[in-house]
Amino acid sequence: MSPMKTYDYLIIGAGSAGCNTAYFLKQSGKKVAVVDREGIAGGASGAAGAFLSPLPGKTNLYNTFVNNALDFSIDFYQRLFPEDIDAKGVLRVKNDNFTEEKLQTNSIGHQYYSSQELQKISENFKEIDGYFYADAAVLDPLKICKKLIEGCDFYIENVETLTFEDGLYKVGEIKAKHIVLAQGASSSLVELPYMKISPIFGLRIDVKTTTKIPFNIHKSISISTNKSDGTVAIGATHQRHDNEAMTCLTTCDKCEYYVNSEEGQIQTLLSQAEELIRLENVEVLKTYKGARATIKSYFPVIGRAIDHENSLKKYPSIKKGTKIPPEKLQYHENIYVINALGSRGFVFGPYLAKILSQNILHADKIPQELSTEKLFYKTARTK
Ligand SMILES: Cc1cc2nc3c(=O)[nH]c(=O)nc-3n(C[C@H](O)[C@H](O)[C@H](O)COP(=O)(O)OP(=O)(O)OC[C@H]3O[C@@H](n4cnc5c(N)ncnc54)[C@H](O)[C@@H]3O)c2cc1C
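Residues numbered from 1 in each chain as written. Predicted model: local features only at pLDDT ≥ 70, side-chain atom pairs only at ≥ 80, totals over all residues. Heavy atoms only, no water.

*Asks:* Tell me about the packing of aromatic side chains, and please be specific about residues and values.
*Replies:* Counted according to the given criterion, the structure contains 21 aromatic pairs. Ring centres of phenylalanine 65 and phenylalanine 348 lie 4.8 Å apart, and the angle between their planes is 35 degrees; this geometry places the pair in the tilted category. A residue pair is termed long-range when its members are at least 10 positions apart, and phenylalanine 65 in helix α3 (residues 61-80) and phenylalanine 348 in helix α10 (residues 345-362) qualify at 283 residues. Phenylalanine 348 shares its class with phenylalanine 65; the two are buried. Members of the aromatic cluster, joined through ring pairs, are Tyr23, Phe24, Tyr62, Phe65, Phe72, Phe76, Tyr77, Phe81, Phe299, Phe348 and Tyr351. One Lys or Arg, lysine 31, reaches over the ring of tyrosine 7 and ends 5.3 Å from the middle of that ring. Across the ring face of tyrosine 288, the terminal group of arginine 204 is positioned such that the distance to the ring centre comes to 3.7 Å. (Phe/Tyr/Trp six-rings, centres within 6.5 Å; stacked < 30°, edge-to-face > 60°. Helix = DSSP H or I, 4+ residues; strand = E, 2+ residues; numbered from the N terminus. Buried < 20%, exposed > 50% of the residue type's maximum accessible area, 1.4 Å probe, protein only. Lys NZ or Arg CZ within 6 Å of the ring centre and 35° of its normal.)

Shown next as structure tokens:
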């Protein structure tokens, strides 16, 4: 029998959330292990496009957060993994929601390209026009996740329960002082009823084509520039099944609901891509499927895992709106959460993981809009 190994942190989930958190904790000299039942980037992260694009529009709390995260993350990936990121910008194709008038209300630099100008760049462009943003990229999600956790121990295991004894969590042959739950759309290992995750399924394809694509193109779907390995990513579809109470125990390629809709979705992606640029000699190389974890507010969630039941038992008046300070709430001991990264998991991953690790290690404050506390109070009061 192999001896028990003890870590400072055990991260459950080897996607963008978990791998980035592992990276920052390991950088601070902590002993970190990562566990995932599907392998590295076996969930939504492996399916991601993975496009990094700005969110233009009238400035508000949400797009300010997205664009700050984008700046941080592009710089982070370029410094650490320059060979796995193509930062050639994105053309956002004009539509009714995306007009010059709306774009004037924010300060993100962009350049308008008419249809004639685009066709001078590539005669394969269809009759489209739009706005070019230089601050955008596409990356290789699997390679990035793998590199982020270099130096951490990695285990393939389906964690079914967390047992806490003598100040340590025990998962199979692993012991850890702290747990970080980075489980994406899967059912949480501790009850967090305030974090109601809705999965949005999606499919992306990688294709081979002889067409040269100068930069990423985005309308309702995205087409990547030709990546360094010669492939082009096209993604992604969005499918909800809101009416069902989902318990996600595995990845999408094993989900019965999802597995049967593959062919139709590939055709949808290819025909939407054809409306933007003519792709010559296309061959679909591989399909990837995953479930994005989203919550109603669209903000991701990070922080200590609040024990919902015991907090409300201790302070039932929270339900009526009494302001109990966060430090008085009950928490699941030494358990942290990073989740609900929605459709921008690779934009948010490094930025959130940095904030979370600074909070864990130095008690730095988490912005309210991202915190478990904000969500807890909100749901407790509206029940
Ligand atoms: C088709 C598609 C396209 C996308 N395109 C983009 C894009 O272009 N740009 C972008 O930024 N984002 C994109 N996203 C979103 C992005 O992929 C997600 O936001 C991100 O991957 C979420 O990362 P995560 O680590 O939270 O979750 P995941 O990557 O799902 O990771 C969670 C992991 O936890 C593991 N796990 C859960 N429970 C357990 C357990 N009990 N025991 C062991 N392991 C467990 C799962 O196996 C899984 O691997 C896309 C998503 C999809 C599905």
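*Asks:* Any details on the site of the ligand? Residues and values, ideally.
*Replies:* Taken together, the neighbourhood of the ligand is formed by 37 residues, with Asp36, Ser45, Phe51, Val159 and Gly342 sitting nearest. Here an oxygen atom of the ligand and a side-chain polar atom of aspartate 36 are 2.6 Å apart. In the complex, the protein chains occlude 96% of the 1,000 Å² of accessible area that the ligand would expose alone. At the level of elements, α1 (16-27), α2 (44-47), β13 (198-208), β18 (283-294) and α10 are the ones that each hand at least two residues to the shell around the ligand. The residue inventory of the shell around the ligand, partitioned by class, reads 15 nonpolar, 16 polar and six charged. (Near = heavy atom within 4 Å. Polar contact = N/O pair within 3.5 Å; in protein donor to acceptor, adjacent residues only side chain to side chain. Areas by Shrake-Rupley, 256 points an atom, 1.4 Å probe, with all protein chains shown as cover. Nonpolar A, V, L, I, M, F, W, Y, C, P; charged D, E, K, R; others polar.)

*Asks:* Please provide a residue-by-residue account of the side chain of serine 357, values included.
*Replies:* Relative to the helices and strands, serine 357 resides in helix α10. In this structure, serine 357 is in contact with Phe24, Leu25 and His362, ignoring residues within four places of it in sequence. (Contact = heavy atoms within 4.5 Å.)

*Asks:* Give a detailed account of the nonpolar core, specifying residues and quantitative values.
*Replies:* Counting residues in hydrophobic clusters, the biggest one holds 49 residues, and the most contacted among them are Leu52, Tyr77, Val180 and Ile338. Secondary structure elements with two or more residues in this core: β1 (5-12), α1, β2 (32-36), α3, β8 (137-139), α6 (141-148), β20 (331-339) and α10. Residues within four places of valine 180 in sequence aside, it is in contact with Tyr9, Leu10, Ile11, Ile12, Thr21, Leu25, Tyr336, Ile338, Leu356 and Ile360. Counting 35 residues, the second largest nonpolar core, distinct from the first, contains Ile12, Ala33, Tyr169 and Tyr331. (Core = buried A, V, L, I, M, F, W, Y, C linked by side-chain atoms within 4.5 Å.)

*Asks:* Please provide a residue-by-residue account of the pairing of strand β11 (residues 168-171), values included.
*Replies:* Relative to β11, strand β10 (residues 163-165) runs antiparallel, the two sharing three bridges. What sits directly across from threonine 163, in β11, is lysine 170. Hairpin remark: β11 followed by strand β12 (residues 174-181), antiparallel, with two residues in the connecting loop; positive phi at glycine 172, about 55 degrees. (Pairing = 2+ DSSP bridges.)

*Asks:* So, the pattern of salt bridges: which residues are in play, and what are the values?
*Replies:* Enumeration over the complete set of coordinates arrives at 12 salt bridges. Residues arginine 79 and aspartate 75 are paired through a salt bridge, measuring 3.2 Å at the closest nitrogen-oxygen approach. With arginine 79 and aspartate 75 both in helix α3 and four residues apart, this pair spans about one turn of that helix. Residue class for arginine 79 comes out exposed when judged on its relative accessible area of 55%. With a relative accessible area of 39%, aspartate 75 lands in the partly exposed category. A salt bridge links lysine 313 to glutamate 309; the nearest nitrogen and oxygen atoms lie 3.7 Å apart. Here the residue lysine 313 and the residue glutamate 309 both occupy positions in helix α9 (residues 308-314), the gap between them amounting to four residues, near one helical turn. Summarising the burial analysis for this pair, lysine 313 and glutamate 309 share the class exposed. Several salt bridges converge on common partners, so that one network encompasses Glu83, Asp84 and Lys147. (Salt bridge = Lys/Arg side-chain N within 4 Å of Asp/Glu carboxyl O.)

*Asks:* An account of the state of the cysteines is requested, with residue identities and associated values reported.
*Replies:* Taken as a whole and assessed by the stated rule, the structure comprises zero disulfides. In this structure cysteine 19 is a free cysteine whose sulfur lies 4.2 Å from that of cysteine 145, the closest cysteine sulfur available. (Disulfide = S-S within 2.5 Å.)

*Asks:* A description of the sheet that holds β8 should follow, citing residues and the corresponding values.
*Replies:* Pairing is antiparallel across the open sheet formed by three strands, whose spatial order is β3-β8-β4. Of all the strands in the sheet, the pair left with one neighbour each is β3 (51-52) and β4 (85-86).

*Asks:* If you had to explain empty space enclosed by the protein to someone new, which residues and values would you point to?
*Replies:* Gaps between atoms show up when a probe of the same size as a water molecule is rolled over them. Inspection of every chain in the model, using the stated rule, returns one cavity of 30 Å³ or more. Leu181, Ala182, Gln183, Ser188, Leu192, Met195, Val337 and Asn339 are the residues that line the largest cavity. Of the residues assigned to the lining of the largest cavity, the class counts are five nonpolar, three polar and no charged. (1 Å grid on protein atoms, 1.4 Å probe; cavity = no way out; pocket = protein on both sides within 12 Å on 5 of 7 lines; lining within 4 Å. Points joined across faces, edges and corners; volume = space filled by probe spheres on them.)

*Asks:* So what about the side chain of threonine 225? Which residues, and what values?
*Replies:* Examined against the element boundaries, threonine 225 turns out to sit in the loop between β15 (222-223) and β16 (232-235). Here threonine 225 is in contact with Asp86, Lys88, Val138, Ile213, Pro214, Phe215, Asn216, Thr231 and Val232, once residues within four sequence places are set aside.

*Asks:* A description of the domain arrangement of the protein chain should follow, citing residues and the corresponding values.
*Replies:* In terms of domain boundaries, the protein chain breaks down into domain 1 (1-50 + 140-197 + 295-383) and domain 2 (87-138 + 204-288). Once you take the C-alpha centre of each, domain 1 and domain 2 turn out to be 30 Å apart. (Domains from an automatic or database assignment.)

*Asks:* Got a sec to walk through the pairing of β12? Specific residues and values, please.
*Replies:* In terms of burial, β12 is a largely internal element, six of the eight residues being buried. With seven bridges joining them, β1 and β12 adopt parallel strand pairing. Note that in β12 the partner of isoleucine 11 across the bridge is valine 180. Sheet analysis places β11 next to β12, joined by three bridges and oriented antiparallel. Following the sheet pairing, lysine 170 is matched in β12 by lysine 175. Both β12 and β20 contribute to a ladder of three bridges, which runs parallel. Among the inter-strand pairings, valine 180 is bridged to a residue of β20, identified as tyrosine 336.

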